[in-house]
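Geometric and topological summary
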Number of protein chains: 2
Amino acid sequence: MSPTCKLTYFDAMGIGEPIRFLLCYGKIQFEDIRFDFEKWPSMKPSTPYGKVPLLEIDGKKMHQSAAICRYLGKKLGLAGANDWESAQIDMAVDTITDLRLKVTEYYWEPEETTKQKKKETLLNETLPFYMEKLDALVKENGGYLVAGKLSWGDFFFAGVSDYMDCVVQFDITKDHPNLAALKKKIRELPAIKEWISKRPKTTL
Amino acid sequence: MSPTCKLTYFDAMGIGEPIRFLLCYGKIQFEDIRFDFEKWPSMKPSTPYGKVPLLEIDGKKMHQSAAICRYLGKKLGLAGANDWESAQIDMAVDTITDLRLKVTEYYWEPEETTKQKKKETLLNETLPFYMEKLDALVKENGGYLVAGKLSWGDFFFAGVSDYMDCVVQFDITKDHPNLAALKKKIRELPAIKEWISKRPKTTL
(Lines give C-alpha, C1' and ligand atoms only; values in the text may rest on other atoms or scores of the structure.)
Protein backbone atom coordinates (compact mmCIF):
# COMPACT_ATOMS: atom_id res chain seq x y z
CA MET A 1 0.00 0.00 0.00
CA SER A 2 1.42 3.37 -0.91
CA PRO A 3 1.22 5.90 1.91
CA THR A 4 -1.48 8.55 1.61
CA CYS A 5 0.37 10.75 4.05
CA LYS A 6 3.34 12.88 2.96
CA LEU A 7 5.56 15.12 5.03
CA THR A 8 7.70 17.64 3.16
CA TYR A 9 10.53 19.28 5.06
CA PHE A 10 14.24 19.98 5.01
CA ASP A 11 16.59 17.05 5.50
CA ALA A 12 16.63 18.04 9.16
CA MET A 13 14.82 17.46 12.43
CA GLY A 14 13.91 21.12 13.05
CA ILE A 15 10.18 21.66 13.41
CA GLY A 16 9.48 18.62 11.23
CA GLU A 17 10.60 16.13 13.87
CA PRO A 18 7.64 16.58 16.27
CA ILE A 19 5.36 15.75 13.33
CA ARG A 20 7.44 12.67 12.48
CA PHE A 21 7.31 11.59 16.14
CA LEU A 22 3.51 11.90 16.24
CA LEU A 23 3.06 10.08 12.93
CA CYS A 24 5.29 7.23 14.14
CA TYR A 25 3.57 7.10 17.53
CA GLY A 26 0.19 6.95 15.80
CA LYS A 27 1.42 4.27 13.38
CA ILE A 28 0.43 6.54 10.50
CA GLN A 29 2.52 5.44 7.55
CA PHE A 30 4.05 8.47 5.84
CA GLU A 31 6.32 9.40 3.01
CA ASP A 32 9.19 11.38 4.54
CA ILE A 33 10.09 13.78 1.73
CA ARG A 34 13.31 15.63 2.50
CA PHE A 35 15.30 18.18 0.56
CA ASP A 36 18.64 19.90 1.10
CA PHE A 37 18.81 23.47 2.33
CA GLU A 38 20.45 24.45 -0.98
CA LYS A 39 17.32 23.36 -2.83
CA TRP A 40 15.08 25.58 -0.69
CA PRO A 41 15.11 28.76 -2.87
CA SER A 42 13.73 26.74 -5.79
CA MET A 43 11.17 24.93 -3.59
CA LYS A 44 9.94 27.96 -1.63
CA PRO A 45 7.65 29.45 -4.31
CA SER A 46 5.70 26.20 -4.55
CA THR A 47 4.76 26.24 -0.84
CA PRO A 48 1.56 27.90 0.41
CA TYR A 49 3.31 30.60 2.49
CA GLY A 50 6.99 30.17 1.65
CA LYS A 51 7.47 27.80 4.57
CA VAL A 52 7.83 24.16 5.51
CA PRO A 53 6.92 21.67 7.01
CA LEU A 54 3.94 20.69 4.87
CA LEU A 55 1.77 17.67 5.57
CA GLU A 56 -0.66 15.97 3.24
CA ILE A 57 -3.03 13.82 5.24
CA ASP A 58 -6.59 12.55 4.69
CA GLY A 59 -6.47 14.35 1.32
CA LYS A 60 -5.85 17.66 3.11
CA LYS A 61 -2.88 19.97 2.71
CA MET A 62 -1.54 21.35 5.94
CA HIS A 63 1.18 23.79 6.90
CA GLN A 64 2.41 25.29 10.22
CA SER A 65 4.10 22.78 12.51
CA ALA A 66 2.12 23.49 15.69
CA ALA A 67 -1.21 23.41 13.84
CA ILE A 68 -0.24 20.09 12.25
CA CYS A 69 0.85 18.62 15.59
CA ARG A 70 -2.36 19.80 17.29
CA TYR A 71 -4.43 18.19 14.51
CA LEU A 72 -2.50 14.91 14.85
CA GLY A 73 -2.74 15.22 18.63
CA LYS A 74 -6.54 15.30 18.37
CA LYS A 75 -6.59 12.27 16.07
CA LEU A 76 -4.39 10.36 18.51
CA GLY A 77 -6.21 11.31 21.71
CA LEU A 78 -3.26 13.41 22.87
CA ALA A 79 -4.92 16.84 22.89
CA GLY A 80 -6.31 17.06 26.44
CA ALA A 81 -9.52 15.85 28.04
CA ASN A 82 -11.17 19.29 28.03
CA ASP A 83 -10.68 22.87 26.83
CA TRP A 84 -8.52 23.81 29.79
CA GLU A 85 -6.11 20.90 29.31
CA SER A 86 -5.96 21.69 25.59
CA ALA A 87 -5.20 25.33 26.40
CA GLN A 88 -2.39 24.31 28.75
CA ILE A 89 -0.84 22.23 25.97
CA ASP A 90 -1.15 25.21 23.60
CA MET A 91 0.47 27.56 26.13
CA ALA A 92 3.39 25.17 26.68
CA VAL A 93 3.90 24.62 22.94
CA ASP A 94 3.85 28.34 22.13
CA THR A 95 6.34 28.92 24.94
CA ILE A 96 8.64 26.26 23.49
CA THR A 97 8.25 28.02 20.14
CA ASP A 98 9.30 31.34 21.70
CA LEU A 99 12.48 29.64 22.85
CA ARG A 100 12.98 27.83 19.55
CA LEU A 101 12.69 31.12 17.63
CA LYS A 102 15.52 32.59 19.73
CA VAL A 103 17.66 29.52 18.99
CA THR A 104 16.90 29.84 15.28
CA GLU A 105 17.54 33.59 15.29
CA TYR A 106 21.01 32.97 16.72
CA TYR A 107 21.76 30.10 14.35
CA TRP A 108 20.95 31.98 11.14
CA GLU A 109 22.46 35.34 12.15
CA PRO A 110 24.82 36.16 9.27
CA GLU A 111 26.91 38.85 10.97
CA GLU A 112 29.64 37.26 13.11
CA THR A 113 29.88 39.86 15.92
CA THR A 114 26.10 39.96 16.29
CA LYS A 115 26.01 36.15 16.24
CA GLN A 116 28.49 35.94 19.13
CA LYS A 117 26.40 38.42 21.11
CA LYS A 118 23.23 36.44 20.39
CA LYS A 119 25.02 33.26 21.43
CA GLU A 120 25.98 34.73 24.79
CA THR A 121 22.47 35.97 25.48
CA LEU A 122 21.01 32.63 24.38
CA LEU A 123 23.33 30.46 26.46
CA ASN A 124 23.54 32.64 29.56
CA GLU A 125 20.04 34.06 29.73
CA THR A 126 17.34 32.85 27.36
CA LEU A 127 17.97 29.12 27.42
CA PRO A 128 18.45 28.80 31.22
CA PHE A 129 15.40 31.04 31.79
CA TYR A 130 13.06 28.91 29.67
CA MET A 131 14.53 25.58 30.69
CA GLU A 132 14.16 26.34 34.41
CA LYS A 133 10.55 27.42 33.95
CA LEU A 134 9.68 24.45 31.75
CA ASP A 135 11.45 22.07 34.13
CA ALA A 136 9.33 23.40 36.99
CA LEU A 137 6.21 23.01 34.84
CA VAL A 138 7.00 19.35 34.15
CA LYS A 139 7.73 18.78 37.84
CA GLU A 140 4.35 20.28 38.80
CA ASN A 141 2.60 18.18 36.17
CA GLY A 142 3.84 14.80 37.25
CA GLY A 143 6.52 14.35 34.62
CA TYR A 144 4.60 15.74 31.64
CA LEU A 145 3.94 19.23 30.34
CA VAL A 146 0.24 19.07 31.17
CA ALA A 147 -2.10 17.21 33.53
CA GLY A 148 0.21 14.34 34.47
CA LYS A 149 -0.24 12.53 31.18
CA LEU A 150 1.17 12.26 27.71
CA SER A 151 0.07 14.95 25.22
CA TRP A 152 1.15 16.16 21.81
CA GLY A 153 2.98 18.94 23.65
CA ASP A 154 5.43 16.39 25.06
CA PHE A 155 6.20 15.11 21.56
CA PHE A 156 6.57 18.71 20.42
CA PHE A 157 9.11 19.38 23.16
CA ALA A 158 11.09 16.19 22.54
CA GLY A 159 11.16 16.73 18.76
CA VAL A 160 12.15 20.38 18.87
CA SER A 161 14.75 19.83 21.59
CA ASP A 162 16.62 17.47 19.27
CA TYR A 163 16.99 20.43 16.90
CA MET A 164 17.94 22.85 19.67
CA ASP A 165 20.60 20.40 20.91
CA CYS A 166 22.12 20.42 17.41
CA VAL A 167 22.28 24.22 17.32
CA VAL A 168 23.84 24.74 20.75
CA GLN A 169 25.83 21.49 20.53
CA PHE A 170 24.88 20.09 23.90
CA ASP A 171 21.87 18.41 25.46
CA ILE A 172 19.73 21.38 26.55
CA THR A 173 18.04 19.21 29.21
CA LYS A 174 21.34 18.31 30.90
CA ASP A 175 20.83 20.50 33.98
CA HIS A 176 17.08 20.07 34.06
CA PRO A 177 16.20 16.62 35.40
CA ASN A 178 12.44 16.80 34.85
CA LEU A 179 12.81 17.82 31.22
CA ALA A 180 15.56 15.24 30.74
CA ALA A 181 13.28 12.54 32.13
CA LEU A 182 10.40 13.67 29.92
CA LYS A 183 12.59 13.61 26.82
CA LYS A 184 13.88 10.15 27.73
CA LYS A 185 10.31 8.92 28.29
CA ILE A 186 9.27 10.06 24.81
CA ARG A 187 12.40 8.62 23.19
CA GLU A 188 11.82 5.27 24.85
CA LEU A 189 8.29 4.83 23.58
CA PRO A 190 8.70 1.81 21.27
CA ALA A 191 7.56 3.62 18.11
CA ILE A 192 9.80 6.61 18.79
CA LYS A 193 12.77 4.42 19.75
CA GLU A 194 12.40 2.56 16.48
CA TRP A 195 12.10 5.80 14.50
CA ILE A 196 15.18 7.32 16.14
CA SER A 197 17.22 4.20 15.39
CA LYS A 198 16.36 4.36 11.69
CA ARG A 199 15.91 8.08 10.96
CA PRO A 200 18.43 9.81 8.70
CA LYS A 201 21.28 11.36 10.69
CA THR A 202 21.18 15.12 10.13
CA THR A 203 23.04 18.13 11.49
CA LEU A 204 19.95 20.14 12.44
CA MET B 1 -20.54 42.84 40.17
CA SER B 2 -16.78 43.02 40.02
CA PRO B 3 -15.30 41.31 36.99
CA THR B 4 -13.68 37.92 37.57
CA CYS B 5 -11.80 38.23 34.31
CA LYS B 6 -8.60 40.28 34.09
CA LEU B 7 -6.44 41.02 31.09
CA THR B 8 -2.92 42.32 31.75
CA TYR B 9 -1.05 43.86 28.84
CA PHE B 10 0.82 46.94 27.71
CA ASP B 11 -1.18 50.11 27.14
CA ALA B 12 -1.33 49.04 23.51
CA MET B 13 -3.37 47.01 21.03
CA GLY B 14 -0.55 44.65 20.04
CA ILE B 15 -1.40 41.01 20.64
CA GLY B 16 -3.75 41.97 23.46
CA GLU B 17 -6.36 43.44 21.16
CA PRO B 18 -7.61 40.15 19.64
CA ILE B 19 -8.28 38.98 23.21
CA ARG B 20 -10.13 42.21 24.01
CA PHE B 21 -12.19 41.81 20.82
CA LEU B 22 -13.18 38.26 21.74
CA LEU B 23 -14.03 39.19 25.34
CA CYS B 24 -16.20 42.07 24.10
CA TYR B 25 -17.85 39.93 21.44
CA GLY B 26 -18.62 37.28 24.06
CA LYS B 27 -19.93 39.90 26.49
CA ILE B 28 -17.38 38.69 29.03
CA GLN B 29 -16.86 41.57 31.42
CA PHE B 30 -13.14 42.10 32.02
CA GLU B 31 -10.76 44.33 33.87
CA ASP B 32 -8.47 45.83 31.23
CA ILE B 33 -5.22 46.25 33.17
CA ARG B 34 -2.72 48.28 31.16
CA PHE B 35 0.80 49.44 31.94
CA ASP B 36 3.28 51.68 30.16
CA PHE B 37 6.21 50.21 28.27
CA GLU B 38 8.57 51.95 30.73
CA LYS B 39 7.09 49.90 33.55
CA TRP B 40 7.77 46.62 31.75
CA PRO B 41 11.24 45.80 33.19
CA SER B 42 9.79 45.92 36.71
CA MET B 43 6.68 43.89 35.68
CA LYS B 44 8.46 41.23 33.62
CA PRO B 45 9.82 39.09 36.51
CA SER B 46 6.30 38.65 37.90
CA THR B 47 4.98 37.09 34.68
CA PRO B 48 5.08 33.31 34.08
CA TYR B 49 7.49 33.44 31.12
CA GLY B 50 8.52 37.09 30.95
CA LYS B 51 5.73 37.87 28.51
CA VAL B 52 2.31 39.43 28.24
CA PRO B 53 -0.65 39.30 27.59
CA LEU B 54 -1.92 37.42 30.62
CA LEU B 55 -5.54 36.50 31.16
CA GLU B 56 -7.20 35.43 34.36
CA ILE B 57 -10.49 33.74 33.57
CA ASP B 58 -12.64 31.12 35.33
CA GLY B 59 -10.04 31.18 38.13
CA LYS B 60 -7.37 30.12 35.64
CA LYS B 61 -4.18 31.96 34.71
CA MET B 62 -3.42 32.02 31.04
CA HIS B 63 -0.59 33.31 28.89
CA GLN B 64 0.21 33.19 25.15
CA SER B 65 -2.13 35.25 23.00
CA ALA B 66 -3.05 32.60 20.42
CA ALA B 67 -3.69 29.98 23.13
CA ILE B 68 -5.91 32.46 24.98
CA CYS B 69 -7.82 33.37 21.81
CA ARG B 70 -8.30 29.70 20.90
CA TYR B 71 -9.64 29.00 24.40
CA LEU B 72 -12.05 31.93 24.17
CA GLY B 73 -12.93 30.88 20.64
CA LYS B 74 -14.03 27.47 21.92
CA LYS B 75 -16.11 29.05 24.69
CA LEU B 76 -17.80 31.30 22.14
CA GLY B 77 -18.47 28.67 19.46
CA LEU B 78 -15.92 30.29 17.15
CA ALA B 79 -13.39 27.47 16.92
CA GLY B 80 -14.65 25.46 13.95
CA ALA B 81 -17.25 22.73 13.59
CA ASN B 82 -14.70 19.91 13.39
CA ASP B 83 -10.97 19.19 13.71
CA TRP B 84 -10.25 20.18 10.13
CA GLU B 85 -11.95 23.58 10.46
CA SER B 86 -10.13 24.12 13.77
CA ALA B 87 -6.83 23.24 12.10
CA GLN B 88 -7.50 25.69 9.29
CA ILE B 89 -8.06 28.45 11.86
CA ASP B 90 -4.81 27.46 13.59
CA MET B 91 -2.89 27.53 10.30
CA ALA B 92 -4.22 30.98 9.42
CA VAL B 93 -3.49 32.38 12.89
CA ASP B 94 0.07 31.04 12.96
CA THR B 95 0.61 32.50 9.49
CA ILE B 96 -0.63 35.91 10.72
CA THR B 97 1.79 35.51 13.64
CA ASP B 98 4.69 34.85 11.25
CA LEU B 99 3.86 38.17 9.57
CA ARG B 100 3.35 39.96 12.89
CA LEU B 101 6.75 38.79 14.14
CA LYS B 102 8.40 40.36 11.08
CA VAL B 103 6.55 43.62 11.75
CA THR B 104 7.66 43.53 15.40
CA GLU B 105 11.24 42.64 14.49
CA TYR B 106 11.43 45.72 12.27
CA TYR B 107 9.76 47.97 14.85
CA TRP B 108 12.10 47.13 17.73
CA GLU B 109 15.34 46.99 15.70
CA PRO B 110 17.68 49.35 17.58
CA GLU B 111 20.29 49.85 14.87
CA GLU B 112 19.14 52.52 12.40
CA THR B 113 20.76 51.18 9.18
CA THR B 114 19.51 47.66 9.88
CA LYS B 115 16.07 49.07 10.70
CA GLN B 116 15.88 50.83 7.33
CA LYS B 117 16.86 47.60 5.58
CA LYS B 118 14.24 45.67 7.52
CA LYS B 119 11.65 48.31 6.67
CA GLU B 120 12.35 47.96 2.95
CA THR B 121 12.11 44.18 3.06
CA LEU B 122 8.95 44.38 5.14
CA LEU B 123 7.16 46.92 2.95
CA ASN B 124 8.32 45.66 -0.44
CA GLU B 125 8.40 41.93 0.12
CA THR B 126 7.09 40.41 3.34
CA LEU B 127 3.92 42.42 3.82
CA PRO B 128 2.71 42.25 0.18
CA PHE B 129 3.56 38.52 0.08
CA TYR B 130 1.48 37.65 3.15
CA MET B 131 -1.33 40.08 2.41
CA GLU B 132 -1.82 38.73 -1.11
CA LYS B 133 -1.91 35.15 0.12
CA LEU B 134 -4.24 35.95 3.00
CA ASP B 135 -6.48 38.01 0.74
CA ALA B 136 -6.78 35.02 -1.61
CA LEU B 137 -7.56 32.78 1.37
CA VAL B 138 -10.40 35.06 2.49
CA LYS B 139 -11.70 35.22 -1.07
CA GLU B 140 -11.75 31.41 -1.29
CA ASN B 141 -13.47 31.16 2.06
CA GLY B 142 -16.42 33.39 1.34
CA GLY B 143 -15.19 36.49 3.14
CA TYR B 144 -13.74 34.80 6.22
CA LEU B 145 -10.42 33.09 6.96
CA VAL B 146 -12.04 29.67 7.26
CA ALA B 147 -15.14 27.81 6.06
CA GLY B 148 -17.24 30.84 5.08
CA LYS B 149 -18.09 31.76 8.64
CA LEU B 150 -16.88 33.81 11.56
CA SER B 151 -14.11 32.25 13.69
CA TRP B 152 -11.68 33.42 16.35
CA GLY B 153 -9.12 33.63 13.57
CA ASP B 154 -11.01 36.56 12.05
CA PHE B 155 -10.91 38.41 15.37
CA PHE B 156 -7.22 37.56 15.64
CA PHE B 157 -6.58 39.05 12.21
CA ALA B 158 -8.60 42.20 12.86
CA GLY B 159 -7.03 42.79 16.28
CA VAL B 160 -3.44 42.24 15.19
CA SER B 161 -3.86 44.26 12.00
CA ASP B 162 -4.72 47.32 14.14
CA TYR B 163 -1.26 46.95 15.67
CA MET B 164 0.46 46.33 12.34
CA ASP B 165 -1.23 49.44 10.90
CA CYS B 166 0.29 51.48 13.75
CA VAL B 167 3.78 50.17 13.04
CA VAL B 168 3.79 50.71 9.28
CA GLN B 169 1.57 53.80 9.54
CA PHE B 170 -0.94 52.85 6.91
CA ASP B 171 -3.90 50.47 6.63
CA ILE B 172 -2.23 47.18 5.63
CA THR B 173 -5.49 45.99 4.03
CA LYS B 174 -5.71 48.99 1.69
CA ASP B 175 -4.77 47.09 -1.50
CA HIS B 176 -6.41 43.86 -0.42
CA PRO B 177 -10.18 44.15 -0.77
CA ASN B 178 -11.11 40.81 0.78
CA LEU B 179 -9.04 41.44 3.89
CA ALA B 180 -10.32 45.03 4.07
CA ALA B 181 -13.90 43.76 3.91
CA LEU B 182 -13.20 41.15 6.60
CA LYS B 183 -11.65 43.73 8.89
CA LYS B 184 -14.60 46.05 8.33
CA LYS B 185 -17.04 43.23 9.06
CA ILE B 186 -15.38 42.52 12.40
CA ARG B 187 -15.18 46.20 13.32
CA GLU B 188 -18.86 46.66 12.56
CA LEU B 189 -20.06 43.90 14.84
CA PRO B 190 -21.99 45.90 17.47
CA ALA B 191 -19.85 44.77 20.43
CA ILE B 192 -16.60 45.51 18.58
CA LYS B 193 -17.87 48.82 17.25
CA GLU B 194 -18.74 49.87 20.79
CA TRP B 195 -15.35 48.70 22.10
CA ILE B 196 -13.43 50.57 19.39
CA SER B 197 -15.37 53.75 20.13
CA LYS B 198 -14.45 53.64 23.81
CA ARG B 199 -11.04 51.94 23.92
CA PRO B 200 -8.01 53.97 25.00
CA LYS B 201 -6.24 55.53 22.03
CA THR B 202 -2.73 54.12 21.85
CA THR B 203 0.20 54.34 19.47
CA LEU B 204 0.74 50.60 19.07
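Residues numbered from 1 in each chain as written. Chains lettered and ligands numbered in written order. Predicted model: local features only at pLDDT ≥ 70, side-chain atom pairs only at ≥ 80, totals over all residues. Heavy atoms only, no water.

You'll find chain A entered in an unreviewed UniProt entry as glutathione transferase, with Locusta migratoria given as the organism. Under the Sequence similarities (unreviewed entry) heading, UniProt states for chain A: "Belongs to the GST superfamily. Sigma family." UniProt lists a comment for chain A under the heading Catalytic activity (unreviewed entry), and it reads "RX + glutathione = an S-substituted glutathione + a halide anion + H(+)". (UniProt positions renumbered as here; feature names shortened; annotations may be inferred.)

**Concerning the sheet that holds strand β2 (residues 31–35) of chain B**
Residue and element names in this part refer to chain B. In spatial order, the strands read β2-β1-β3-β4; together these 4 strands make up an open sheet with mixed pairing. This sheet does not close on itself; its edge strands, each paired only once, are β2 and β4 (60–63). Ignoring which end each strand starts from, the neighbouring axes of this sheet average 15 degrees apart. With 5 bridges joining them, strand β1 (residues 6–10) and β2 adopt parallel strand pairing. Each residue of the ladder has a partner; that of Leu7, found in β2, is Asp32. (Pairing = 2+ DSSP bridges. Helix = DSSP H or I, 4+ residues; strand = E, 2+ residues; numbered from the N terminus. Axes fitted to C-alpha atoms, helices over the stretch in contact; angles between N-to-C directions.)

**Things to note about helix α1 (residues 17–25) of chain B**
Residues and elements named next belong to chain B. With 8 of 9 residues buried, α1 lies mostly within the body of the structure. Those residues of α1 that fall on the buried side of the exposure criterion are Glu17, Pro18, Ile19, Arg20, Phe21, Leu22, Leu23 and Cys24. Positioned one or two residues after α1, Lys27 has a phi angle of 55 degrees, which is positive. (Buried < 20%, exposed > 50% of the residue type's maximum accessible area, 1.4 Å probe, protein only.)

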